[in-house]
Amino acid sequence: MNPQIKQRIESVINNIEQLPSIPEVATRIINMVNDPEVSFKAIADEISKDQMITTNILKLCNSAYFSKGKEISSVDRAIVTLGLKEVKDAVILAATKIVLNKIIMGYDLAKGELWRHGLYVAVLAKKIALMKGKKDIADVAFTGGLIHDVGKTILALFVQGTFKEIMRTVEEKKIPFIAAEKDIMGFDHQEIGERILSKWKFPEVLKASVRHHHQPMSAPDEFRTVVSIVHVANSLCLMAGVGIGSDGLYHELVPEAIELTKLEPGELEMLFAGIPEMGEQAETLI
Ligand SMILES: [Fe+2]
Ligand SMILES: [Fe+2]
């Protein structure tokens, strides 16, 4: 453990100003969509107040990934055609892009790679949820997948200086990269990610998806299935080489997560083989 680094990280994460921000409309929309008392109209009005988000979500709603074939030119139309949950996912996409679409130095991720990785994991996680008949959590699997590695945006600043030490720990102790992060820096990118989501006032299920995506079995019971889906999607994308940085393949695929998601070996193979084709759709969100 490097106490100086730990202290520096602590001072960054305890200073909320230093954590990345997103447009507040994203938080408001997540809460409004979860509130059955709130009308479609109120949600459309809230989104429309933010011009940049509106422009971006209309673009997203017309992408090959979301589009249902009909041209969508207003937020009202988007909600009617795609449904509230899809539009909410588009709002979160538009809101988090600035945070995730940058160079992540310490992990050796070029500009756009963390964003691309998040998108692929999001699309795959949603696909798994739908494949296993869990339509009710498909939207959360998508957003959880999208932002699962957000903590890397902060921790990257510190990984750079300690990278050799982290790798030595990985090799000597035969532990995954995430455990070595914690060992050397006192924090891992999951914990930092959870802090960032607290700042954004995101719901507990998304915080759990970020906090436990490498150890899904330590997530609270009620969120374990969705966290496991994000975990499996992340692992498959890493195996396929999407978003591999300096941490490379030093990750574990937790067998209990596969059990919980009830994915058969044949289904896992099919999902893995389908990643390039799925990627073509994901790329339309970039
Ligand atoms: Fe991660
Ligand atoms: Fe990841």
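The following paragraphs examine the structure supplied in this document. What you see is a predicted model; the values in this text were computed from it and never measured.

1. Some points on the overall build of the chain
Alright, step 1. A count of helical and extended segments in the chain gives 16 helices and zero strands.
Alright, step 2. Taken against the 2.2 N^0.38 rule, which gives 19 Å for 286 residues, the C-alpha radius of gyration of the chain at 18 Å falls within 12% of a compact globule.
Alright, step 3. For the chain, the spread of C-alpha atoms along the three principal axes comes to 55 × 45 × 35 Å.
Alright, step 4. The proportion of buried residues among the 286 residues of the chain is 56%.
Alright, step 5. Of the contacts formed within the chain by residues at least 6 apart in sequence, a portion of 68% connects residues at least 24 apart.
Alright, step 6. Summing over all exposed atoms, the chain offers an accessible surface of approximately 12800 Å²; the carbon and sulfur share of this is 53%.
Alright, step 7. If the 33 positive side-chain charges of the chain are averaged to one point and the 38 negative ones to another, these points end up 3 Å apart.

2. Regarding the packing of helix H7 (residues 113-131) against helix H15 (residues 265-273)
Alright, step 1. Two elements in contact, H7 and H15, have axes whose closest approach is 12 Å; the angle formed by their N-to-C orientations is 145 degrees. Regarding H7 and H15, the two cross each other, and that crossing is right-handed. Mapping the contact onto sequence places Leu124, Lys127, Ile128 and Met131 in H7 and Glu267, Met270 and Leu271 in H15.
Alright, step 2. Class assignment for the residues of the contact of H7 with H15 results in five nonpolar, no polar and two charged.

3. So, the coordination of the iron ion (ligand 1)
Alright, step 1. Within the protein, the iron ion (ligand 1) binds to Asp149 (OD), His189 (NE2), His213 (NE2) and His214 (NE2); these donor distances fall in the range 2.2 Å.
Alright, step 2. Of note is the iron ion (ligand 1), whose four donor atoms meet at the metal with angles of 85 to 177 degrees in an arrangement that counts as irregular.
Alright, step 3. Considered as a linear motif, the donors of the iron ion (ligand 1) on their single chain read D-x39-H-x23-H-H.
Alright, step 4. A gap of 3.8 Å separates the iron ion (ligand 1) and the iron ion (ligand 2), which Asp149 links by coordinating each metal. Of the two residues, His189 sits in helix H11 (residues 189-199) while His214 sits in the loop between helix H12 (204-211) and helix H13 (224-239), which places them 25 residues apart along the sequence. Like His189, the residue His214 is buried in the burial classification.

4. Looking at the packing of aromatic side chains
Alright, step 1. Enumeration over the complete set of coordinates arrives at six aromatic pairs.
Alright, step 2. On the basis of an interplanar angle of 80 degrees and a centroid distance of 5.0 Å, the ring pair of Tyr65 and Phe66 is categorised as edge-to-face.
Alright, step 3. Judged by relative accessible area, Tyr65 falls into the buried class, the value being 15%.
Alright, step 4. Here the aromatic cluster, defined as three or more aromatic residues joined through ring pairs, consists of Tyr65, Phe66 and Phe142.
Alright, step 5. Across from the ring centre of Phe142, 5.6 Å away, lies the NZ or CZ of Lys126, which sits over that ring.
Alright, step 6. Here Lys152 stacks its cationic end above the ring of Tyr107, 4.8 Å away from the centre of that ring.

5. Structural notes on the coordination of the iron ion (ligand 2)
Alright, step 1. Here the iron ion (ligand 2) is held by His117 (NE2), His148 (NE2), Asp149 (OD) and Asn234 (OD1), and the distances to it run 2.1 to 2.3 Å.
Alright, step 2. One way to put it: the four donor atoms around the iron ion (ligand 2) meet at angles of 80 to 175 degrees, and that makes the site irregular.

6. Brief notes about the packing of helix H6 (residues 84-100) against helix H8 (residues 138-147)
Alright, step 1. Packing of H6 against H8 brings their axes to within 10 Å, and their N-to-C directions diverge by 5 degrees. With respect to H8, the axis of H6 lies roughly parallel. Touching Lys85, Lys88, Asp89, Ile92, Leu93, Thr96 and Leu100 of H6 are Asp139, Phe142, Thr143, Leu146 and Ile147, all from H8.
Alright, step 2. Among the residues forming the contact of H6 with H8, the class breakdown is six nonpolar, two polar and four charged.

7. Observations regarding the pattern of salt bridges
Alright, step 1. Per the counting criterion, the structure on display carries 18 salt bridges.
Alright, step 2. Here Glu24 makes a salt bridge to Arg28, at a shortest N to O gap of 3.6 Å. Here Arg28 and Glu24 lie together in helix H2 (residues 24-33), a separation of four residues that amounts to about one turn.
Alright, step 3. The exposure class of Glu24 is exposed, given its relative accessible area of 60%.
Alright, step 4. On the basis of relative accessibility, which here comes to 37%, the residue Arg28 falls in the partly exposed class.
Alright, step 5. Two residues, Lys182 and Glu191, come together in a salt bridge whose shortest N-O distance is 3.1 Å.
Alright, step 6. On the basis of relative accessibility, which here comes to 36%, the residue Lys182 falls in the partly exposed class.
Alright, step 7. Connected through salt bridges with shared partners, the residues Glu24, Arg28, Glu46 and Lys49 form a single ionic network.

The rules behind the values
- Residues numbered from 1 in each chain as written.
- Chains lettered and ligands numbered in written order.
- Predicted model: local features only at pLDDT ≥ 70, side-chain atom pairs only at ≥ 80, totals over all residues.
- Heavy atoms only, no water.
- Helix = DSSP H or I, 4+ residues; strand = E, 2+ residues; numbered from the N terminus.
- Rg over C-alpha atoms; globule rule 2.2 N^0.38 Å.
- Buried < 20%, exposed > 50% of the residue type's maximum accessible area, 1.4 Å probe, protein only.
- Contact = heavy atoms within 4.5 Å.
- Areas by Shrake-Rupley, 256 points an atom, 1.4 Å probe, with all protein chains shown as cover.
- Lys, Arg positive; Asp, Glu negative; His and termini not counted.
- Charge placed at Lys NZ, Arg CZ, Asp CG, Glu CD.
- Axes fitted to C-alpha atoms, helices over the stretch in contact; angles between N-to-C directions.
- Left-handed = near helix turned anticlockwise from the far one by under 90°.
- Nonpolar A, V, L, I, M, F, W, Y, C, P; charged D, E, K, R; others polar.
- Donors = N, O, S within 2.8 Å, 3.2 Å for Na, K, Ca; no water.
- Tetrahedral: all angles 85-135°; square planar, octahedral: opposite > 155°, others 65-115°.
- Phe/Tyr/Trp six-rings, centres within 6.5 Å; stacked < 30°, edge-to-face > 60°.
- Lys NZ or Arg CZ within 6 Å of the ring centre and 35° of its normal.
- Parallel < 35°, antiparallel > 145°, perpendicular 65-115°, else oblique.
- Salt bridge = Lys/Arg side-chain N within 4 Å of Asp/Glu carboxyl O.

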